[in-house]
Amino acid sequence: FRIPAHTLHKLGHMTTGMLIRGYDFETDSDNRENQGVSWKLRKLGLSYCNWGFWAMQVLLRVEMALSIYCGVFWGWLAQFCLALWMNTLLVVSSHDFTQIIEPDTKDWA
């Protein structure tokens, strides 16, 4: 049950959640997560927005829309699932879970 649920969760992130989070990130001037980076870059005149993030969002959605239009959605979904699980495997395998957490730290990774 975990694999299909996680895959659907990430598919939902890709289709809607990342757009909402990206907009929130661009408009929120300062919080603990982004430290106001976008706001500071705009203030310095270095960047109007996070171009890399938005370009990747457009590419992901165009690729999905074209796969639906061309009738190869299932191939796109298989590629999405394979890439998702390969990346998840690489992230999980890069951590050493045998180390003991230091008693006074909150670092679990």
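Not measured: the values here are computed from a predicted model. (Residues numbered from 1 in each chain as written. Predicted model: local features only at pLDDT ≥ 70, side-chain atom pairs only at ≥ 80, totals over all residues. Heavy atoms only, no water.)

Draft legend 1. Structural detail: the confidence of the model for the protein. Per-residue pLDDT for the protein averages 78, and the proportion of residues at 70 or more is 72%. When the elements of the protein are averaged for pLDDT, helix α2 (residues 37–44) gives the smallest value, 69, and helix α4 (residues 73–93) the largest, 89. (pLDDT = per-residue confidence, 0-100. Helix = DSSP H or I, 4+ residues; strand = E, 2+ residues; numbered from the N terminus.)

Draft legend 2. Quick look at the environment of threonine 15. Relative to the helices and strands, threonine 15 is located in helix α1 (residues 2–27). Along the primary structure threonine 15 and leucine 60 are separated by 45 residues, whereas in three dimensions their C-alpha atoms are 8.7 Å apart. Apart from the residues lying within four places of it in its own chain, the contact partners of threonine 15 are Arg61 and Met64. A polar contact is formed between the side chain of threonine 15 and the backbone oxygen of glycine 12, at a distance of 3.2 Å. (Contact = heavy atoms within 4.5 Å. Polar contact = N/O pair within 3.5 Å; in protein donor to acceptor, adjacent residues only side chain to side chain.)

Draft legend 3. How the structure looks around α4. When the terminal C-alpha atoms of α4 are compared, their 30 Å separation across 21 residues agrees well with the 30 Å that a helix rising 1.5 Å per residue should span. Turning to α4, its buried residues are Trp76, Leu77, Phe80 and Leu84. Seen from one end, α4 has its buried residues packed into an arc of 100 degrees, which puts them on one side. Those residues of α4 that are exposed and aimed more than 90 degrees away from the buried face are Trp74, Leu82, Leu89, Leu90 and Ser93. Of the surrounding secondary structure, the elements contacted by the buried residues of α4 are α1 and α3 (51–70). (Expected span 1.5 Å × (residues − 1). Buried < 20%, exposed > 50% of the residue type's maximum accessible area, 1.4 Å probe, protein only. Arc of directions from axis to C-beta.)

Draft legend 4. A look at the packing of α1 against α4. Axis separation between α1 and α4 bottoms out at 11 Å; the angle between their running directions is 105 degrees. Relative to α4, the element α1 is oriented roughly perpendicular. The residues of α4 that touch α1, namely those facing Ile3, His6, Thr7, Lys10, Leu11 and Met14, are Trp76, Leu77, Phe80, Cys81, Leu84, Trp85 and Thr88. In the contact of α1 with α4, the residues fall into nine nonpolar, three polar and one charged. (Axes fitted to C-alpha atoms, helices over the stretch in contact; angles between N-to-C directions. Parallel < 35°, antiparallel > 145°, perpendicular 65-115°, else oblique. Nonpolar A, V, L, I, M, F, W, Y, C, P; charged D, E, K, R; others polar.)

Draft legend 5. Representation of α1 within the structure. The axis of α1 is deflected most strongly, by about 55 degrees, at methionine 14. For α1, every residue scored as buried is listed here: Thr7, Leu11, Met14, Gly22 and Glu26. (Bend = angle between axes of the 7 residues up to and from the residue.)

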